[in-house]
Each structure stands twice: as structure tokens, then as C-alpha cells.
Amino acid sequence: MTQRVVVTGVGLVTPVGTGTEKSWNNIINGKSGIGRITHFDAVATGMACTIAGEVDDFEVDAFINRKDARKMDTFTHFGIAASLMALAQSGLEITEENAERVGVIVGSGIGGLPMIERTMRAYEAGGARKISPFFIPQSIINMTSGWVSMMTGAKGPNSATVTACATGTHAIGDAFEIIARGAADAMLAGGSEAVICELSVGGFSSAKALSTRNDDPERASRPWDLGRDGFVMGEGAGVMMLESLESAKARGAVIIAEVVGYGMSGDAYHITAPSVGGEGGARCMRAALQRAQLNPADVTYINAHGTSTPAGDICETQGMKAVFGEHAKKLMVSSTKSMTGHLLGAAGGIEAVFSALAIQHGVVPPTINLDQPDPECDLDYVPHTARDANIEVAISNSFGFGGTNASVVLKKFR
């Protein structure tokens with residue numbers, strides 16, 4: 001028997017705030033978290049892009065003791081913090097009796113690249129003796145899930161997705177399926193990323209993927225706008241506590257939303273470019289709706305991948321039109337990346353959380369900076385200002401390099 005799966009807790013660390021309430025309030029008020037890069041001197045190093053969405057209010061001591069924190073890179077700090085927030089909001093107590101039924105899937109697209117960068121410099125300066133014994137566990141992506149398990153006592157399914165910018169959505173979808181088939185009662189799931197460093201910014205810049213609107217950071221991320229020139233990198237984490245309905249009801253948990261569908265697809269097209277006409281993303285959305293047993297006309301809102309890249313925004317729009325037909329014009333679509341930037345492997349985690357909160361609060365987040373819509377991007381992207389709306393069904397999309405696509409469908413719980 002397939003279990004129904006609900007969201008009972010969420011946690012956020014984003015460029016617009018640490019903590020769910022702060023992040024959500026800033027999102028619905030259209031506040032940008034984009035500014036000058038402070039993690040390194042991007043100007044002095046000659047980067048074409050010198051702006052990013054940095055987390056500027058995070059206190060690691062609030063979540064992790066200092067001794068353990070030194071054994072981790074920043075992406076793990078963020079992932080642990082978001083996971084602990086989600087667990088606390090859910091009210092679930094992990095005990096010896098239920099520990100084997102509670103799991104963790106918190107992935108990352110790139111992981112500990114800043115630690116790799118720092119360690120390589122230390123090695124070049126002082127040789128092998130300068131390599132920390134914690135270097136490997138600091139860097140590898142699954143250590144966020146490992147640390148969350150150790151800190152909470154969760155002994156159930158434990159893994160980490162690594163699917164570029166689709167990572168967080170795949171993690172949530174995989175956790176949804178694990179609970180639905182009865183292999184766990186609860187799962188912490190999402191994504192974390194913290195790679196605003198020289199190698200990452202330099203690499204994306206060399207690929208001509210990043211915006212170079214350096215003189216106007218808050219307006220640089222502009223999905224669907226004719227003047228968009230690339231994405232703006234962000235950092236942070238978004239995690240959900242997913243739980244079987246039976247488990248949530250048994251302990252009287254507050255249910256934020258229900259997860260009802262999950263779709264995956266591969267473009268089989270190009271290492272970085274989206275498939276022509278958004279065909280891969282369209283198949284992914286169709287698969288998610290089929291799993292949810294819903295029709296396209298049932299969908300109210302889409303939190304789009306919407307990265308602010310010239311090709312990507314057009315292809316996603318074309319994909320939505322292919323799936324939804326005439327109903328596409330009735331959809332409300334927004335890209336919260338206009339405020340957070342693109343959090344890479346964490347994007348799907350925070351955007352699924354934003355989608356669940358949109359359902360819970362009846363508010364559609366805006367797309368800011370949409371001043372001159374691209375004629376080829378002609379849907380209702382909720383420009384500039386949040387909109388009150390009864391959201392019955394929402395989709396959160398994430399599409400990654402390598403042509404990997406993920407969509408999750410969330411529904412108002414009834």
C-alpha cells in the first residue's frame with residue numbers, strides 16, 4: 001500500500017536570511033540578497049563576475065559545536081542547520097524505537113570545493129604534511145547526511161544526491177518515494193551548497209554562464225527579462241522533513257503541505273545547454289503530474305528553475321507551454337532566484353520549501369527585476385510584487401548540467 005507523504009517541517013539558510021521566517025518574509029517582500037563578493041577579492045583576481053548571493057547572517061555556533069564545525073566545510077554547516085530547523089519545526093522526536101525509520105538525504109551539486117582549493121594551496125606551500133586528516137570528510141558530499149544522522153540519531157535510509165542544479169529536488173523526490181513505498185516513516189531531505197570561491201566563480205565565468213552586471217548587483221538576477229545576461233551564484237541550504245501521513249497524524253503534527261508527485265528525465269542533448277524547446281523539462285513535469293495522478297489544469301503555481309540565462313528561460317517557458325497548453329496562460333509562475341540567485345545543488349531544496357510555504361500561506365512569491373519581459377517569455381511570472389492566491393497545487397522545477405531534470409508536485413493538504 002502506498003503511503004501518503006506530507007511536509008511537517010522546513011529549514012532555510014539563504015542569501016535573504018537564515019531561518020525560515022526571515023527568508024520567507026524577505027522573499028514575499030521582493031528583497032534581493034545579491035551583493036558584491038566578500039568571500040574573496042573577485043576584482044583583484046580578475047573575475048568577470050564579482051557579485052553573488054552570500055549568506056551574511058549565519059552563526060555556526062548556533063547549530064554546531066566548534067570542535068565538530070572545524071571538521072566540516074561550509075556547505076555541511078548550512079545543510080546541518082537547515083536540517084535541524086526542519087526537525088525542530090516538525091516536532092518529531094527521534095528515539096531508539098523509531099530511529100531506524102527516520103532517514104536523511106541532503107545532497108550538494110559541488111560540495112567541498114572551497115576546502116579543496118584551500119588544501120591544494122596549503123599542499124603547494126608546505127607539502128603533504130599540510131594536508132589535514134579531516135580533508136576528505138570535510139570535502140565529500142555525503143558527509144552532510146552523515147553528520148545530520150550522527151547529530152540526530154536518525155538510522156534510516158541515508159544517502160546524498162549529486163545531480164548538479166537538480167540535486168535538492170532529486171533528494172526530496174527520492175525521499176518522497178522511500179516513504180511512499182513504506183521503507184521509512186520520515187526523511188530529512190534537501191540540498192546544500194557553498195562554493196562562492198575562486199575556482200567555482202572562475203569556472204562558471206569561463207563558461208560564460210554568470211551575469212556580469214557587476215555595477216548593479218541587486219538587479220543582476222532577472223529571469224524572463226530581455227536584459228538578462230546569465231545567472232548569479234548563491235549559497236545556502238533548504239531542507240524539508242517529509243513524513244508519512246500516518247506518522248504525522250499519530251503525533252498530531254502540523255502539516256504544511258502534501259508531496260504528491262515526482263518526475264525525473266534526461267535531455268540526452270548537451271553537457272550544459274537545455275534541450276531544444278525545453279523537451280526534457282517538459283517530459284519531467286509530465287512524469288511528475290502522472291505520478292501525482294493530476295491533470296495539467298489542476299496546477300495553480302510553478303516555482304520555475306528560472307535561472308536568468310538567455311537560453312534556459314526560453315526553453316523552460318517552451319516546456320511549460322508544451323505541458324500545459326492553454327492552461328499555461330492561467331498559471332502563476334515565478335523565479336525566486338531573482339532574489340536568492342542560483343544556489344546550484346541547494347536551489348531545489350529552498351525552492352521546494354518556498355513552494356510549500358506558498359501553499360500554506362496563500363501567497364505567490366514575485367519575480368523581481370522583470371522590467372522588460374522577453375517576448376519569447378510570455379507567461380504570468382508574477383512580476384515585482386507577491387500575489388495573494390489560493391494555491392491548490394504547485395510544482396517546483398530544477399534542471400541541471402548534464403541534462404538532468406527533476407520536478408516535485410506539492411498539494412494543499414486536505
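The rules behind the values
- Residues numbered from 1 in each chain as written.
- Predicted model: local features only at pLDDT ≥ 70, side-chain atom pairs only at ≥ 80, totals over all residues.
- Heavy atoms only, no water.
- 1 Å grid on protein atoms, 1.4 Å probe; cavity = no way out; pocket = protein on both sides within 12 Å on 5 of 7 lines; lining within 4 Å.
- Points joined across faces, edges and corners; volume = space filled by probe spheres on them.
- Helix = DSSP H or I, 4+ residues; strand = E, 2+ residues; numbered from the N terminus.
- Nonpolar A, V, L, I, M, F, W, Y, C, P; charged D, E, K, R; others polar.
- Axes fitted to C-alpha atoms, helices over the stretch in contact; angles between N-to-C directions.
- Parallel < 35°, antiparallel > 145°, perpendicular 65-115°, else oblique.
- Left-handed = near helix turned anticlockwise from the far one by under 90°.
- Contact = heavy atoms within 4.5 Å.
- Patch = residues over 30% accessible without salt bridge, like charges linked within 9 Å, V, L, I, M, F, W, Y side chains within 5 Å.
- Areas by Shrake-Rupley, 256 points an atom, 1.4 Å probe, with all protein chains shown as cover.
- Salt bridge = Lys/Arg side-chain N within 4 Å of Asp/Glu carboxyl O.
- Buried < 20%, exposed > 50% of the residue type's maximum accessible area, 1.4 Å probe, protein only.
- Pairing = 2+ DSSP bridges.
- Disulfide = S-S within 2.5 Å.

Caption draft 1: Here's a closer look at the layout of surface pockets. Approximately 570 Å³ is the volume attributed to the largest pocket. Taken together, 36 residues form the lining of the largest pocket, with Thr-272, Pro-274, Thr-309, Gly-312 and Phe-401 sitting closest to its centre. Considering each element in turn, the lining of the largest pocket owes the most residues, 7 residues, to helix H11 (residues 310-324). When its residues are assigned to classes, the lining of the largest pocket shows 15 nonpolar, 17 polar and 4 charged. Roughly 320 Å³ of internal volume is contained in the second largest pocket. Lining the second largest pocket are 20 residues, and of these His-39, Thr-74, Pro-114, Arg-118 and Ile-196 sit closest to its centre. Contributions of two or more residues to the lining of the second largest pocket are made by helix H3 (74-90) and helix H4 (113-126).

Caption draft 2: Representation of the packing of H3 against helix H6 (residues 143-152). Between H3 and H6, the shortest axis-to-axis distance is 9 Å and the interhelical angle comes to 45°. Relative to H6, the element H3 lies oblique. Classified by chirality, the crossing of H6 by H3 is right-handed. Across the interface between the two elements, Phe-75, Thr-76, Gly-79, Ile-80, Ser-83, Leu-84 and Leu-87 from H3 touch Met-143, Thr-144, Trp-147, Val-148, Met-151 and Thr-152 from H6. Here the contact of H3 with H6 is built from residues that sort into 8 nonpolar, 5 polar and no charged.

Caption draft 3: The packing of helix H10 (residues 279-292) against H11, seen in detail. Remark: H10 packs on H11, axes separated minimally by 8 Å, with the N-to-C direction vectors making an angle of 40°. As far as their axial angle goes, H11 and H10 are oblique. The hand of the H10/H11 crossing is right-handed. Residue-level inspection shows Ala-282, Met-285, Arg-286 and Leu-289 of H10 in contact with H11, the latter providing Gly-319, Met-320, Ala-322, Val-323 and Phe-324. By residue class, the composition of the contact of H10 with H11 is 7 nonpolar, 1 polar and 1 charged.

Caption draft 4: Structural view of a nonpolar patch on the surface. Together, Met-120, Tyr-123 and Ile-131 line one region of the surface with nonpolar side chains, adding up to about 270 Å² of accessible area. Examined against the element boundaries, Tyr-123 turns out to sit in helix H4. Classification of Tyr-123 as partly exposed rests on a relative accessible area of 39%.

Caption draft 5: A look at the pairing of strand S9 (residues 257-266). The buried fraction of S9 amounts to 8 of the 10 residues, a majority that puts the element mostly inside the structure. Here strand S1 (residues 5-14) pairs with S9 via 3 bridges, running antiparallel. Bridge pairing in S9 links Val-5 to Val-259. Where S9 meets strand S15 (residues 404-411), 8 bridges bridge the pair, whose relative direction is antiparallel.

Caption draft 6: Region of the structure containing the state of the cysteines. Inspection of every chain in the model, using the stated rule, returns 0 disulfides. No disulfide involves Cys-315; its nearest neighbouring cysteine sulfur is the one of Cys-377, lying 9.4 Å away. By relative accessible area, which is 2% here, Cys-377 ends up buried.

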